[in-house]
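Summary of structural features
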Amino acid sequence: MKKSLMILLVFLLLSSVFPGSILAKGNSNQQADLIFKNGEVYTVDEEKSWAEAVAVKDGEIVYVGDSEGVESFQGPETQVNDLDGNMLMPGFIDGHNHAYLKAEELFWLDLRPYSTQEEFANAIDKYLEENPGIEQLRGVYSDRSFPDLDGITPREFLDGMVSDIPAVFIENGHHTIWVNSNAIENAEVTKDTPDPPGGIIDRDETGEPNGIFHEFSAQNLIIEALPQPDFTVDEYKETVLSFQEMAAERGVTSVFVPVHYPTEPLLEALQVLDDANELTVRYDIALWADENKGLEQIETFKEKRDKYQGRMYKTNSIKIFGTGTRGRGLVWEQDVLEETVAALDKEGFRLYTHVISDLDAYHAILDAYEYALEENGARDSRHTISHTSSNGEGAIDRFKELNVIADGHPVPASFFEAGIPASTSNDYPVRDFWPLVSVEKGVQNFSSSDLDGVETMLTSHTINGANLIFAEEETGSIEVGKKADFVVLENNLFEVPVSEISETTTLMTYFEGQEVFRHASRMSASHINTLVEQFEEDGEFANHGAARSLQAHLATVDRFEQREAADKVVKHTQSFNKLLDNHQKNELISENASNILKANANSLINKWE
């Protein structure tokens, strides 16, 4: 008995000395698909452990530990990545991201670079010339650069450039639109039209709408009457695929998406892409609640939740637009808000509420959450307040008492100090979509705190983000059994100066074990060849000859890479792209595989040019 006890104590002692032996779980007899070794692996597990190596099989992590231990997972077909001291950590999870608004950049006129009447007029004229026959003009502008109108109304200003079709421009914060007379008349809005609850129609001295509509209830008077109020399913499909490229470059593998208008085409697009296994980001979608419809919209939400659920996206949350901007306060009637929140909570929805206002607004939303708790009892609801700022610090005790999550850009240090599971977000496209910028900014807020700023901010952008989207059991940390969602960074964020965190390069991003981004500095012909082999194995080629012809080109590129003959590398990689186009035209390769190979080839060209 004593001998057994002594063996147990020795084992426990060794386990505490060598963290790898604690982390190294899994069946070492199975051959891994991927191995990463000789790195600085920040797991963000409960103990905030560090490791050296990770092994991945079928999209899941099967080993976390030291580099020696991972060797037993290596087989003849295992792809081995030597991290050479680079940092590997969980993929970033963005707690507030309007991914669908990438569509505005792709399909609308972008006036954000301009700031004078002449620049606006030239841009609009050029757009109309390049897009003859359009039925409406949509665009986005910056609220910080709209030109001085010299006493004329926005309506008159836009009429001077486009009068025969509706013209609607939304400011980058999405709380205000500027429209022309055609749009106003098309919507049958007049001086007798009252301001809708929660919205404001700006008017001239005669009471006529002057072309400015504030907040969503007022905006929707105009937008819902347009020939095309929303983007099409195909446009949203292109939008999502384009957004995923951005996300991968930034190391983002999951996003919470609060939708701020009613849209079915977006949900249809996500379903189509999910069915085709083309989603490389997890999407937690929050459907928009209209402050003017209260309880009557709940059945519609239930129907959409039942209809739109996928492997990589879900629609179990509701976005409550709680307040306006610039001190406009609560846009709901408090009793309607409380009844609607309680009814949604009873149906199992999570509530995610936008608050950009004073402390009273925070308490108003927390009152609604508390009312739901009293009416329905406690459950794992994870109700959230977004845009949490220092204005809400006076309500921290209520956040904690009601188990409300705080999400912000980033959340003040005081919320973390109180033990609130706060998440960090970027609010794309309103703010810059770079997680490391948010991390750096957040760390600076911890200068007088006892908490480790880097550890806290990385936690908020990974496992706390996973908790926000109810995915903490499958992602958010580097642990055996979880999905292989992670990012490889050039530097250890704990060792660089705080002011240089945002400058750290993302080298690679993986989603469920699939590489979705590789920095040009890590690009090579041999890597692209590996992708070709994988695509052929997955049935993305019509025949072996199509794959073999691409591999022959890559073998030539590889030889010139070894000689560092830059001109030859570029020339033969461009030739590879031409062959790739020809294969796609002749339907010898899938569009998805072709696009990925071309993106990697272009990255290789950029590396050597």
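Rules behind the numbers
- Residues numbered from 1 in each chain as written.
- Predicted model: local features only at pLDDT ≥ 70, side-chain atom pairs only at ≥ 80, totals over all residues.
- Heavy atoms only, no water.
- Helix = DSSP H or I, 4+ residues; strand = E, 2+ residues; numbered from the N terminus.
- Rg over C-alpha atoms; globule rule 2.2 N^0.38 Å.
- Buried < 20%, exposed > 50% of the residue type's maximum accessible area, 1.4 Å probe, protein only.
- Contact = heavy atoms within 4.5 Å.
- Areas by Shrake-Rupley, 256 points an atom, 1.4 Å probe, with all protein chains shown as cover.
- Pairing = 2+ DSSP bridges.
- Axes fitted to C-alpha atoms, helices over the stretch in contact; angles between N-to-C directions.
- Parallel < 35°, antiparallel > 145°, perpendicular 65-115°, else oblique.
- Left-handed = near helix turned anticlockwise from the far one by under 90°.
- Nonpolar A, V, L, I, M, F, W, Y, C, P; charged D, E, K, R; others polar.
- Phe/Tyr/Trp six-rings, centres within 6.5 Å; stacked < 30°, edge-to-face > 60°.
- Lys NZ or Arg CZ within 6 Å of the ring centre and 35° of its normal.
- Core = buried A, V, L, I, M, F, W, Y, C linked by side-chain atoms within 4.5 Å.
- pLDDT = per-residue confidence, 0-100.
- Salt bridge = Lys/Arg side-chain N within 4 Å of Asp/Glu carboxyl O.

Quick look at the overall build of the protein chain
- Summing up its helical and strand segments, the protein chain has 22 helices and 24 strands in all.
- A compact globule built from 609 residues would reach a C-alpha radius of gyration of about 25 Å, and the protein chain, at 27 Å, matches this within 12%.
- Taken along its principal axes, the extent of the C-alpha atoms in the protein chain is 90 × 65 × 45 Å.
- Scored against the burial criterion, the 609 residues of the protein chain give a buried share of 55%.
- Relative to all contacts within the protein chain whose residues are 6 or more apart in sequence, the contacts with residues 24 or more apart total 70%.
- Total accessible area on the protein chain is roughly 26300 Å²; 46% of this is exposed by carbon and sulfur atoms.

Digging into the sheet that holds strand 2 (residues 40-42)
- Judged by pairing direction, the sheet is mixed, and its six strands sit side by side in the order 3-2-7-22-23-24 without closing on themselves. In the strand order of this sheet, the two ends are held by strand 3 (50-51) and strand 24 (514-518), each with one partner.
- With four bridges joining them, strand 7 (residues 87-90) and strand 22 (residues 486-489) adopt antiparallel strand pairing. Each bridged residue has a counterpart across the sheet, and for Met89 the counterpart in strand 22 is Val487.

What about the packing of helix 16 (residues 435-444) against helix 17 (residues 453-460)?
- Axis separation between helix 16 and helix 17 bottoms out at 9 Å; the angle between their running directions is 135°. Looking at the two axes, helix 16 sits oblique to helix 17. For the crossing formed where helix 16 meets helix 17, the hand is right-handed. For the pair helix 16 and helix 17, the contacting residues are Ser438, Val439, Gly442 and Val443 in the first and Gly453, Val454, Met457 and Leu458 in the second.
- Class assignment for the residues of the contact of helix 16 with helix 17 results in five nonpolar, three polar and no charged.

What to know about the packing of aromatic side chains
- As enumerated under the stated definition, the model contains 23 aromatic pairs in all.
- Each ring, one from Phe36 and one from Phe486, has its centre 5.1 Å from the other, and the planes form 85°; the classification is edge-to-face. Of this pair, Phe36 sits in strand 1 (residues 34-37) while Phe486 sits in strand 22, and the two are 450 residues apart along the sequence. Here the two residues Phe36 and Phe486 agree in accessibility, since each one is buried.
- When the ring of Phe231 is compared with that of Tyr236, the centres are 5.5 Å apart and the planes differ by 75°; the resulting orientation is edge-to-face. Grouping residues by exposure puts Phe231 and Tyr236 together as buried.
- These aromatic residues form a ring-pair network of at least three members: Phe107, Trp108, Phe231 and Tyr236.
- Looking at Arg250, its charged tip hangs above the ring of Trp434, at a distance of 3.9 Å from the centre.

Observations regarding unusual backbone geometry
- That bond from His409 to Pro410 is cis: its omega, 0°, falls within 30 degrees of zero.
- Within the secondary structure layout, Pro410 lies in the loop between strand 20 (405-408) and helix 15 (413-417).
- In this chain, Tyr428 is followed by Pro429 through a cis amide linkage whose omega measures 0°.
- Tracing the chain through its elements places Pro429 in the loop between strand 21 (423-424) and helix 16.
- Positive phi outside glycine occurs at Asn38, with the angle close to 60°.
- Examined against the element boundaries, Asn38 turns out to sit in the loop between strand 1 and strand 2.
- Taking relative accessible area as the criterion, Asn38 reaches 36% and is therefore assigned partly exposed.
- Unlike most non-glycine residues, Phe470 shows phi in positive territory, near 55°.
- Locating Phe470 in the fold gives a position in the loop between helix 18 (463-468) and strand 22.

Comments concerning the pairing of strand 1
- Here strand 1 runs beside strand 6 (residues 79-82); their pairing, made up of four bridges, is parallel. Note that in strand 6 the partner of Leu34 across the bridge is Gln79.
- Relative to strand 4 (residues 53-57), strand 1 runs antiparallel, the two sharing three bridges. Within strand 4, the residue paired with Phe36 across the bridge is Val54.

Observations regarding the sheet that holds strand 10 (residues 137-141)
- An order of 9-10-11-12-14-13 is seen for the six strands of this open sheet, with the pairing classed as mixed. A single partner strand is all that each edge strand has here, and the edge strands are strand 9 (109-110) and strand 13 (200-203).
- With two bridges joining them, strand 9 and strand 10 adopt parallel strand pairing. Opposite Asp110, over in strand 10, you have Val140 as the bridge partner.
- Contacts between helix 5 (residues 117-130) and the sheet are confined to strand 9, strand 10 and strand 11 (167-171), with strand 10 contributing the most and set at about 145° to the helix.
- Where helix 8 (residues 215-223) meets the sheet, its contacts fall on strand 10, strand 11, strand 12 (176-179), strand 13 and strand 14 (209-214), and the angle it forms with strand 14 comes to roughly 125°.

Some words on the nonpolar core
- By size, the foremost hydrophobic cluster in this structure holds 112 residues, and its most contacted members are Ile222, Tyr283 and Phe399.
- Here the element with the most residues in this core is helix 13 (residues 359-376); it accounts for seven residues.
- In contact with Ile222, not counting residues within four places along its chain, are Val168, Ile177, Val179, Ala183, Ile184, Ala187, Val189 and Phe213.
- Ranked by size, the runner-up nonpolar core spans 25 residues in total, among them Ala525, Ala546, Ala547 and Ala593.

Things to note about the confidence of the model for the protein chain
- On average, the protein chain scores 92 in pLDDT, and the residues at 70 or more come to 94%.
- Here residues 1-23 is modelled with pLDDT under 50, and outside its nearest four sequence neighbours on either side it reaches 14 contacts, counting other chains as well.

Describing the pattern of salt bridges
- Evaluated as defined, the whole model comprises 24 salt bridges.
- Note that Arg379 is salt-bridged to Asp345, the shortest N-O span being 3.0 Å. Taken together, the residues Arg379 in the loop between helix 13 and strand 19 (384-386) and Asp345 in helix 12 (residues 334-346) connect sequence positions 34 residues apart.
- The buried category is assigned to Asp345, whose relative accessible area is 4%.
- A salt bridge links Asp367 to Arg398; the nearest nitrogen and oxygen atoms lie 2.9 Å apart. Of this pair, Asp367 sits in helix 13 while Arg398 is found in helix 14 (residues 396-401), placing the two residues 31 residues apart along the sequence.
- Relative accessible area serves as the criterion here: at 32%, Asp367 is assigned to the partly exposed category.

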